[in-house]
Amino acid sequence: MASFEFTPTAAVATARAHKQFVQCPACRADTPRYLFHRAGVRFVRCGNCGAVYVNPAREHPVNYLAIERAPVPITARDRELICADFAKLVGQLTTDHEQLRGAKPERTLVIGRYLPEMADLPAARAIGLELAEIDDAKFERLATDADVSWLEPLLARAPQLVILHELLEACSDPGALVDKLVKALPDTTLFAITYTNADSLPARLMRRYWQSFFDYKQVFLATGNLTELCARCGLVLKRQHLEPMTRTAGYIGEKLDIRTRVLGKLAVPLRVGALVGVFGRAERDTSREKVSIILPVFNEARYAAQVIDAVIDKELSIDRELIIVESNSTDGTREIVQRYENRPGVRVVFEDKPRGKGHAVRTGLQHVTGTIVLIQDADFEYDIDDYDALLEPILARKATFVLGSRSLGLDDWKVRRYDATPVRGLLLNFAQVVFAKTYNTLYQQHVTDVNTMFKVFRAEYLDGLDLRSNGFELDIELACKLALNGASPMEVPVNYVARGFAEGKKIRFWRDAIPSYFAFFQHRFKRA
């Protein structure tokens, strides 16, 4: 009987020599799913958070941090472009530091990819920039064991800004590295992390060509799992930008295995999903949880008192504060709201004129003191008894952003049924489906109801949000910007009974729905 013998390829033989199996570097789960072999190593995707990483880890990772030693030669023109991009990056981070800390940084440390001349740039000297030079021995200790002992003299100077420049992707355990740096530095230090977003549109469109730009990296992260990794170390995403990246056409051609001589020195913006996230310490104490309930009110004399009383009387397992924003109603609602001004746990904010629901919600967010934010309308379309189900995933640390879906549950369609205006109800229901599909496609999410009023999220995400909408489109802006800042929504089924337009429903298809829909593209491609 003939025996079957398998002769492994060189890539498989090399991968078999690696024996250090690791957990997901982002979420610590052990649910790897095989993807492919490349450069003699085995890449897997985490079944929990989607991070892509080398497993087993390399025993002797390749030091790619010194740009001069890159496999594709860096020409003098490319060096100029890299330095110009770094100057732009430093300028943006200086602005971020001024906005978040009130002054530009005086001591800055770069750990990661570098060219020696970066430290001599005028923008770098202005913020006291130092480069951590990393030889092969230091790199191996850093990448395999998160050893930062050799960095102690630089860390002892207490840099106010630390730039981890394409560094985390070199490490088999980037979480351990971040944790050690956070513990070694003052609470006010900001961390700027440059990384290549594995969930970006360029990564999805370029597919195998995308990987060619990032040889020798051990981990490919996305905004969501990077935010989760940093959250374990007590860091919150404050800002996020595109990383400036420009190369010559010749360099790009080499990476894509396309030879070009005519346009070889032409400078080309490189859009491969490279981002820079600015992280800082979480500033809110979560040891004692409190939910801040934002209640915008305008011309709701029929329901206002009942809704406010119901929210106040609702029993919760944590503290609460109710922030009522009254927008100068004309039907007696303001007089109703005034009765609650001195109630314990209630804060009333009066606007001088109505500027839209979005403006009222943004006004309410300025007064939040809790650790969790929940938005509530001043009517009974949504069930206040669903608060417990909405808060539970956040309190259990299973999610940082929750949507109350009207399309889930046993009664799986609880949206709009209008006997008097069935066509209008059909249009709004159809729009809800289109909105959800568009959101999922543009922001790589999986939701059924992005238009829901019930949006609950960690208040710490307010530090990184710049909300501008005044109308109903704020619901969309909030969902988009939270997703862009790494807060992937978890859905919870909720109850819903739609009220008709004759009963005071204010949303209008052309005035509100159309601008809300285009907001998906505005926020996605403004970032891109």
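One can find the structure itself at the top, above this paragraph.
Residues numbered from 1 in each chain as written. Predicted model: local features only at pLDDT ≥ 70, side-chain atom pairs only at ≥ 80, totals over all residues. Heavy atoms only, no water.

**Let's talk about the packing of aromatic side chains**
- Within the structure shown, the criterion is met by 13 aromatic pairs.
- Each ring, one from Y64 and one from F139, has its centre 6.4 Å from the other, and the planes form 75 degrees; the classification is edge-to-face. In this pair, Y64 sits in the loop between β3 (52-54) and α2 (76-101) while F139 sits in helix α4 (residues 136-145), placing the two residues 75 residues apart along the sequence.
- With relative accessibility at 7%, the residue Y64 sits in the buried group.
- Residue classification places F139 among the buried positions, given a relative accessible area of 2%.
- Here a set of aromatic residues connected by ring pairs shows up, and it is made of F435, Y439, Y443, Y517, F518, F520, F521 and F525.
- Its end group placed over the ring of Y496, R406 keeps NZ or CZ at 4.9 Å from the ring centre. (Phe/Tyr/Trp six-rings, centres within 6.5 Å; stacked < 30°, edge-to-face > 60°. Helix = DSSP H or I, 4+ residues; strand = E, 2+ residues; numbered from the N terminus. Buried < 20%, exposed > 50% of the residue type's maximum accessible area, 1.4 Å probe, protein only. Lys NZ or Arg CZ within 6 Å of the ring centre and 35° of its normal.)

**Focus on the nonpolar core**
- I111, L151, L177 and L181 are the most contacted members of the largest nonpolar core, which totals 49 residues.
- In terms of residue count, the dominant contributor to this core is helix α6 (residues 174-184) (four residues).
- Ignoring sequence-local partners within four residues, the contact set of L151 consists of I111, A132 and L181.
- With 37 residues, the next largest nonpolar core counts L316, Y340, I372 and A498 among its residues. (Core = buried A, V, L, I, M, F, W, Y, C linked by side-chain atoms within 4.5 Å. Contact = heavy atoms within 4.5 Å.)

**Notes on helix α13 (residues 357-365)**
- With respect to burial, α13 is a largely interior element, nine of its nine residues being buried.
- Regarding α13, the residues found buried are K357, G358, H359, A360, V361, R362, T363, G364 and L365.
- Contacts made by the buried residues of α13 are with β13 (290-297), β14 (319-326), β15 (346-350), β16 (372-375), β18 (455-458) and α16 (474-484).

**Here's the deal with the pairing of β14**
- Burial within β14 is extensive, with six of its eight residues counted as buried.
- As paired strands, β13 and β14 are joined by eight bridges and run parallel to one another. Bridge pairing in β14 links I293 to L322.
- One ladder, built from five bridges, connects β14 with β15; its direction is parallel. Paired with V325 across the strands is V349, a residue of β15.
- Once the chain exits β14 it traverses helix α12 (residues 333-338) before rejoining the sheet at β15, and the crossover so formed is right-handed. (Pairing = 2+ DSSP bridges. Right-handed = clockwise from strand over helix to strand, strands pointing away.)

**Some remarks on the sheet that holds strand β12 (residues 274-281)**
- With respect to topology, six strands assemble into an open sheet ordered β5-β4-β6-β7-β12-β9, the strand pairing being mixed. A single partner strand is all that each edge strand has here, and the edge strands are β5 (129-131) and β9 (235-242). Pairs of neighbouring strands in the sheet enclose a mean axial angle of 20 degrees, with direction left out of account.
- When β9 meets β12, the two strands line up antiparallel, connected through seven bridges. Across the sheet, L237 pairs through a bridge with F279, a residue of β12.
- Against the sheet, helix α9 (residues 223-231) contacts β7 (190-196), β9 and β12, and its axis sits at roughly 150 degrees relative to β9. (Axes fitted to C-alpha atoms, helices over the stretch in contact; angles between N-to-C directions.)

**Some words on unusual backbone geometry**
- In this structure, P56 follows N55 across a cis peptide bond, with omega equal to 5 degrees.
- Looking at the secondary structure, you find P56 in the loop between β3 and α2.
- A positive phi angle is found at A158, which is not glycine, with a value near 55 degrees.
- Looking at the element boundaries, A158 is found in the loop between α5 (152-155) and β6 (161-165).

**Here we look at the side chain of T189**
- For T189, the position within the fold is in the loop between α6 and β7.
- A relative accessible area of 2% places T189 in the buried class.
- Here P159 takes part through its backbone oxygen, which lies 3.0 Å from a polar atom of the side chain of T189.
- For T189, the contacting residues outside a window of four places in its chain are R101, P159, Q160, L161, V162, F279 and G280. (Polar contact = N/O pair within 3.5 Å; in protein donor to acceptor, adjacent residues only side chain to side chain.)

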